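Coordinate analysis (summary)
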Amino acid sequence: MARIPEIRDFLATDVSASFEGDPAAFSRDEIISSYPGIYAIMVNRLAHELYKLEVPLIPRIMTEHAHSVTGIDIHPGATIGHHFFTDHGTGIVIGETTVIGNFVKLYQGVTLGALSTRGGQVLKEVKRHPTIEDHVTIYSGASILGGNTIIGEGVVIGSNAFVTKSVPEKTKVSVKNPELQFKSDEHDDKWEQKEFQQDDVFDYMI
């Protein structure tokens, strides 16, 4: 009960981050009443306090209920800083030992996971999930894996990146541009291969 005022303060920052980060947001009331990311983080922040108190079963029931409602899967053990924003949110997975700093933005389909869980219960007390420092943005479909993986402050990770090593601060990470094939109606039997070009070139290619 003593932690509720601080939880409320953190949730207020989450609402602010959602409003300031989403040009489609009409009002803070709309965010509170209809944004799945706010519901998921609200449940998680309460469940996390119970998790730290070693309350059995209930924290996981809470977050799995939020998962079923929103499609956002955040383990109650994950530590998450203030001004947390999940844009769209669907398909986000955040593992138990993940540590997330302040002003972090995640888009849909992001996984903050473990490299391997083959060790089962032997890995129970081991940090298996990444650390995400302040002011990091991770775009849709990216996977950040491993307990030794640290994503430095101010990093931007592009869509569909697969990262298993630490990234230094203020770095931009992207997957190498894919090669697209174009087939016109006039020449159905011929394919033309072209490299997809982007206006922005990120600093760190994988």
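To keep things clear, this report deals only with the structure shown in the data block. Note that the coordinates shown come from a computational prediction; the quantities given were computed from them, not determined experimentally.

**A closer look at the overall build of the protein**
Assigned secondary structure in the protein consists of four helices and 17 strands. Here the protein, with 206 residues, has 40% of them falling under the buried criterion. The contacts of the protein with a sequence gap of at least 6 include a subset with a gap of at least 24, amounting to 38%. With the model as given, the accessible surface of the protein reaches about 12100 Å², and the carbon-plus-sulfur share is 55%.

**Let's talk about the pattern of salt bridges**
Applying the stated criterion across every chain, the model contains six salt bridges. As a salt-bridge pair, R45 and D14 come within 2.9 Å of each other at their nearest N and O atoms. A residue pair is termed long-range when its members are at least 10 positions apart, and R45 in helix 3 (residues 36–52) and D14 in helix 1 (residues 4–21) qualify at 31 residues. Of the charged contacts in the structure, one is a salt bridge between E64 and R60, with a shortest N-O distance of 3.3 Å. Separated by four residues within a single helix, E64 and R60 lie in helix 4 (residues 58–70), roughly one turn from each other. Members of the salt-bridge network, linked through shared partners, are R3, E6, E49 and K52.

**Comments concerning the packing of helix 1 against helix 3**
The contact between helix 1 and helix 3 brings their axes to 10 Å, and the two run at 155 degrees. By the angle class used here, helix 1 and helix 3 are roughly antiparallel. With respect to the hand of their crossing, helix 1 and helix 3 are arranged in right-handed fashion. Residues I7, F10, L11, D14, V15 and S18 of helix 1 form the contact with helix 3, whose own contacting residues are I38, I41, M42, R45, L46 and E49. When its residues are assigned to classes, the contact of helix 1 with helix 3 shows eight nonpolar, one polar and three charged.

**Points about the sheet that holds strand 7 (residues 111–113)**
Strands belonging to one sheet form pairs held by backbone hydrogen bonds; the direction of such a pair is parallel or antiparallel. The sheet built from five strands is open, its strands ordered 1-4-7-10-13 with parallel pairing. In this open sheet, the two edge strands, each paired with only one partner strand, are strand 1 (73–74) and strand 13 (162–163). By the bridge criterion, two bridges tie strand 10 (residues 143–145) to strand 13 in an arrangement that is parallel. The residue of strand 13 that forms the bridge with I144 is V163.

**Focus: the packing of aromatic side chains**
Considering all chains together, one arrives at one aromatic pair under this definition. Summarising the aromatic geometry, the rings of Y107 and Y139 are spaced 4.7 Å apart at their centres and angled 20 degrees between planes, so their arrangement reads as stacked. Linking Y107 in strand 6 (residues 105–107) with Y139 in the loop between strand 9 (137–138) and strand 10, this pair joins segments that are 32 residues apart in sequence. Owing to a relative accessible area of 16%, Y107 belongs among the buried residues under this scheme. Residue Y139 is classed as partly exposed on the basis of its relative accessible area of 32%.

**Comments concerning a nonpolar patch on the surface**
A surface patch of nonpolar side chains, amounting to about 310 Å² of accessible area, comprises Y39, M42, L46 and V69. Sorting elements by how many residues they give to the nonpolar patch places helix 3 first, with three residues. Its location among the elements puts L46 in helix 3.

Calculation notes
Residues numbered from 1 in each chain as written. Predicted model: local features only at pLDDT ≥ 70, side-chain atom pairs only at ≥ 80, totals over all residues. Heavy atoms only, no water. Helix = DSSP H or I, 4+ residues; strand = E, 2+ residues; numbered from the N terminus. Buried < 20%, exposed > 50% of the residue type's maximum accessible area, 1.4 Å probe, protein only. Contact = heavy atoms within 4.5 Å. Areas by Shrake-Rupley, 256 points an atom, 1.4 Å probe, with all protein chains shown as cover. Salt bridge = Lys/Arg side-chain N within 4 Å of Asp/Glu carboxyl O. Axes fitted to C-alpha atoms, helices over the stretch in contact; angles between N-to-C directions. Parallel < 35°, antiparallel > 145°, perpendicular 65-115°, else oblique. Left-handed = near helix turned anticlockwise from the far one by under 90°. Nonpolar A, V, L, I, M, F, W, Y, C, P; charged D, E, K, R; others polar. Pairing = 2+ DSSP bridges. Phe/Tyr/Trp six-rings, centres within 6.5 Å; stacked < 30°, edge-to-face > 60°. Patch = residues over 30% accessible without salt bridge, like charges linked within 9 Å, V, L, I, M, F, W, Y side chains within 5 Å.

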